[in-house]
Amino acid sequence: MRPDVGTQAQFKKTKAPKTYRYDSSLAPALDFDSKNPAREEGEAAIREVLDAKTLEGAKAAAAKLKGLSKPFLNWAGKAERLSFDVPTLPLFVHERLSTKAILETIKGHRSDKQIDFMDDLFGDPRHSIADQVLKSYEHRDKWVNRMVLGDSLVVMNSLIHYEGLGGQVQMIYMDPPYGVKFGSNFQPFVRAREVKHGDDEDMTREPEVIQAYRDTWELGPHSYLTYLRDRLLLSRELLSESGSMFVQIGDENAHHVRELLDDVFGEENFVSSIVFQKTGGQSPTHLSAIYDTILWYAKDKSLLKFRPAFVLHPNPEPSDPNYIHLELPDGTLRSMTPEERRREVPLPAGAKIFRYGPITSAGAASSDQTFKFDGESFRPQANSHWKTSIDGMKALAAKGRILRSGKGLAYKLYWDDFAAERLSNIWTDTQSGGFNDPQLYVVQTTTKVIQRCLLMATDPGDLVLDPTCGSGTTAYVAESWGRRWMTVDTSRVPLALARQRLLTATFPFYQLRDESRGPAGGLVYKRRQNRKGSEVGGIIPHVTLKSIANNELPDEEVLFDRPEESADVIRISGPFTVEATIPTPLDWEESESASSKTSTATEQGSFVDRMLEVLRKSPVLHLDGRKSVTLKNLRLPAKTLSLSAEGVIVNGKDKPVALVFGPENGAVSEKLIFEAAKEANVKGYATLYVIGFAIQANARVLIEKCESIVGIPAIYIQATPDLMMGDLLKNMRSSQIFSVCGLPEIKVHSKKDGKETLHQVELLGFDVFDPVSMDVGHRGGDDVPAWFLDTNYNDLCFHVSQAFFPRTSAWDNLKKALKSEYSAEVWEHLAGTTSAPFAAGEHQKIAVKVIDDRGNELLVVKDLKAAK
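Residues numbered from 1 in each chain as written. Predicted model: local features only at pLDDT ≥ 70, side-chain atom pairs only at ≥ 80, totals over all residues. Heavy atoms only, no water.

Caption draft 1: Region of interest: helix 12 (residues 390-398). For helix 12, the full list of buried residues reads Gly392, Met393 and Leu396. The buried residues of helix 12 occupy one face: seen down the axis, they fall within an arc of 100°. Counted as exposed and oriented over 90 degrees from the buried face of helix 12: Asp391 and Ala398. Considering only its buried residues, helix 12 is in contact with strand 15 (371-373), strand 17 (384-386), strand 18 (402-405), strand 19 (408-414) and helix 16 (545-549). Looking at the residues trailing helix 12, positive phi occurs at glycine 400, about 70°. (Buried < 20%, exposed > 50% of the residue type's maximum accessible area, 1.4 Å probe, protein only. Helix = DSSP H or I, 4+ residues; strand = E, 2+ residues; numbered from the N terminus. Arc of directions from axis to C-beta. Contact = heavy atoms within 4.5 Å.)

Put into structure tokens, the structure is as follows:
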């Protein structure tokens with residue numbers, strides 16, 4: 001029910017910013033002064049103690065006062081405000097994606113020359129792909145997973161107050177920047193995975209990231225803690241009562257972040273500090289830093305949802321000091337040889353590994369503990385007793401589970417009694433690298449780490465949120481294990497990587513206990529053994545001394561990472577959306593509040609003044625064909641309703657021109673251009689120059705047709721986001737700040753197929769603006785990370801009907817999984833520049849979206865009626 005981006009101009013459901021208040025606390029020294037916001041609360045607690053009429057009342061008030069005086073983390077700026085405001089903005093859907101829909105579309109309308117390979121590709125044409133091999137999980141209430149571009153603080157606030165998701169998220173996994181270095185925390189290109197702090201070529205030019213960085217890190221670690229505290233407060237609001245908060249952090253700030261989490265969640269809700277190995281690299285100077293930490297907190301520890309995790313070990317580690325004995329098939333017992341312990345030679349066939357285990361417990365017994373074994377009487381040592389009754393000891397002896405150990409007895413504990421180890425908080429098997437977890441992003445967590453957290457804290461169908469998307473590992477793991485997910489990032493690059501990763505991924509199809517309920521009904525777990533008798537299923541027996549002594553069936557443990565798989569089904573990602581928070585455009589209706597009008601006008605005036613100042617310093621505008629024009633006499637118009645500035649073009653004959661600036665934090669809208677063009681035409685300007693950081697698709701179409709529609713030509717000028725970076729850049733070539741960024745160039749091929757007309761779209765390329773070199777060049781269609789086609793564009797939302805990744809091996813997962821069902825030609829097609837044939841849809845429009853190296857989206861819309 002979330003609105004499509006095309007409805008934003010009509011969207012009237014606006015809300016005021018939400019104010020969040022911090023929990024006040026007193027300094028450890030109980031230093032009451034006028035600047036301490038908790039003074040009144042402390043004094044009130046003291047009065048309650050003095051005025052209490054009962055001892056219980058006095059104790060309660062004293063406990064409250066004591067709680068206020070607990071030590072806490074302090075930093076510059078923490079006490080400067082008691083609250084913070086967050087804009088309450090709706091989330092608009094920009095794209096709807098479905099791998100199944102993309103593949104179904106390709107097999108649909110096809111030209112004659114494609115029939116043979118399409119029939120080979122999809123087998124029986126009477127059945128859909130999904131009927132044969134491909135499936136995805138469907139969640140209850142038609143839930144669709146979500147990828148959101150925007151500030152995580154704003155997005156989380158929207159989830160709480162626009163969508164009512166407060167208290168409904170089961171797990172939040174946050175992987176914030178470990179330090180405060182700008183360049184090393186943000187990847188500027190889709191392909192660049194090695195980023196150096198302070199390197200101009202590695203500097204991102206994304207406005208959202210720049211703004212976030214400037215707002216967040218102004219005071220270094222002090223600002224970092226404020227950034228994190230605000231997001232943790234909203235995370236707590238989103239979590240369910242049984243929910244879990246995981247924060248991954250490096251050792252640089254781990255101690256500060258834990259104190260911060262104590263402040264927000266309460267130290268009583270601390271669950272664990274998990275240490276996991278991330279790399280095997282060496283430090284040339286000091287000790288190598290090879291681990292990161294995950295801080296696990298509960299919303300309410302007493303209600304925490306927890307599923308214990310186990311690691312299955314077919315055999316003990318060679319370094320295990322206890323399991324070093326063998327029982328041979330003939331009953332002979334012996335110790336392993338040194339070569340057998342080191343696994344240099346195989347163990348004898350049929351040999352069972354065991355250890356000598358304790359058979360007594362501390363504490364004196366109330367009954368006679370004499371037990372006869374092998375004709376000799378044994379008693380526990382003083383102040384101890386047998387772990388079971390005398391009858392139980394007899395049962396153990398009858399089953400060969402009692403051994404002599406020195407002058408006493410021991411319990412024979414086979415390794416196979418429970419060939420699994422309960423997971424602790426030290427994980428040494430999580431090193432990054434290798435072929436199973438390829439690195440896509442500069443800071444990327446291995447899937448095993450997030451998988452373990454997810455399986456311990458959630459059930460299938462639960463909702464998982466990652467406000468720090470990165471390469472999308474949390475979303476990938478959640479999709480893999482049948483959880484619903486939302487992931488957020490302020491940068492387009494990680495979202496582009498995550499979108500590709502999910503759209504082209506394959507997963508095992510875990511069997512569902514109740515197909516009608518989807519993953520929420522649970523996964524199927526069974527006990528299974530291989531030919532050697534080793535446990536390989538998701539349920540394993542846990543044989544204990546108690547179960548043997550009492551002749552009981554052994555307990556069973558569930559290994560949640562080992563559900564039953566359907567080997568004949570390939571699972572793909574379910575449908576998901578790409579959404580964003582859209583700042584209010586300048587042409588929306590103004591607020592009824594007079595103060596709001598004044599504030600908005602002041603902010604816009606300041607922005608226009610800054611843009612004019614930049615234009616005066618760098619008056620050269622670079623146009624198509626490596627041409628340029630120079631402006632002079634730039635000034636504010638004397639009287640205007642829609643224009644931002646006026647000036648004179650000095651190339652050749654001087655001509656008066658009008659300028660309009662798009663919003664500082666949003667895209668240029670169609671209405672803004674239309675109103676400005678009407679006024680510029682009436683006032684006799686020769687040309688309208690529209691300058692912006694981004695532009696909507698319909699606005700770009702109006703630019704191209706402005707002269708025929710309004711009567712004045714219009715040119716769109718791309719302003720480099722460097723303008724927003726200020727002193728973050730070492731150098732700024734002021735003469736090349738503005739340039740043209742062209743639309744994708746496409747060609748529509750149409751052909752009659754009987755009574756039906758089929759169309760194919762060919763991506764020829766696009767003009768690209770390089771913010772480092774400041775050059776405009778042409779790039780071919782086969783040299784883009786990705787391009788998408790909507791075959792029935794409705795002007796509201798981009799539905800990805802076909803997806804192509806020309807320069808990558810993105811479809812390799814599906815290609816390998818489906819090599820027997822699919823011909824090789826289809827994968828070449830999905831990495832190409834020409835779409836599959838399709839018939840015109842209801843709206844008679846198509847849209848093509850190209851993703852460039854910086855994750856930017858270039859959109860072009862074509863009317864198929866005009867293409868005929």
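Caption draft 2: Structural detail: the sheet that holds strand 13 (residues 352-357). Strand order in the open sheet made by the five strands is 12-11-13-19-18, with antiparallel pairing throughout. Both edges of this open sheet fall to strand 12 (333-335) and strand 18, since each of them pairs with a single strand only. Pairwise comparison of adjacent strand axes, ignoring direction, gives a mean angle of 40° for this sheet. Across three bridges, strand 11 (residues 325-327) lies against strand 12 in antiparallel orientation. Opposite leucine 326, over in strand 12, you have arginine 334 as the bridge partner. (Pairing = 2+ DSSP bridges. Axes fitted to C-alpha atoms, helices over the stretch in contact; angles between N-to-C directions.)

Caption draft 3: Inspection of helix 13 (residues 447-457) at higher detail. Burial analysis of helix 13 places nine of its eleven residues in the buried class, the great majority of the element. Taken together, the buried positions of helix 13 are Thr447, Val449, Ile450, Arg452, Cys453, Leu454, Leu455, Met456 and Ala457.

Caption draft 4: Spatial organisation of the nonpolar core. Within the largest apolar cluster, 65 residues are counted, with the highest numbers of intra-cluster contacts made by Ile294, Trp427 and Phe788. With seven residues, the single largest contributor to this core is helix 13. Residues in contact with isoleucine 294, not counting those within four places in the same chain, are Tyr173, Phe246, Val247, Gln248, Ser272, Ser273, Ile274, Phe276, Trp427, Val449 and Cys453. (Core = buried A, V, L, I, M, F, W, Y, C linked by side-chain atoms within 4.5 Å.)

Caption draft 5: Region of the structure containing the pattern of salt bridges. For the coordinates displayed, the defined rule picks out 26 salt bridges. Between arginine 146 and glutamate 163 there is a salt bridge, with its nearest N and O atoms 2.6 Å apart. Here glutamate 163 lies in the loop between helix 6 (152-161) and strand 6 (169-174) and arginine 146 lies in strand 5 (residues 145-149), a separation of 17 residues in the sequence. One salt bridge connects aspartate 795 with lysine 845, and the closest N-O pair in it is separated by 2.7 Å. Of the two residues, aspartate 795 sits in the loop between strand 39 (786-790) and strand 40 (798-799) while lysine 845 sits in strand 43 (residues 845-851), which places them 50 residues apart along the sequence. On the basis of relative accessibility, which here comes to 23%, the residue lysine 845 falls in the partly exposed class. Each of Lys305, Arg307, Asp459 and Asp462 takes part in salt bridges that share partners, so that together they form one network. (Salt bridge = Lys/Arg side-chain N within 4 Å of Asp/Glu carboxyl O.)

All quantities given are derived from atomic positions and should not be read as evidence of function.
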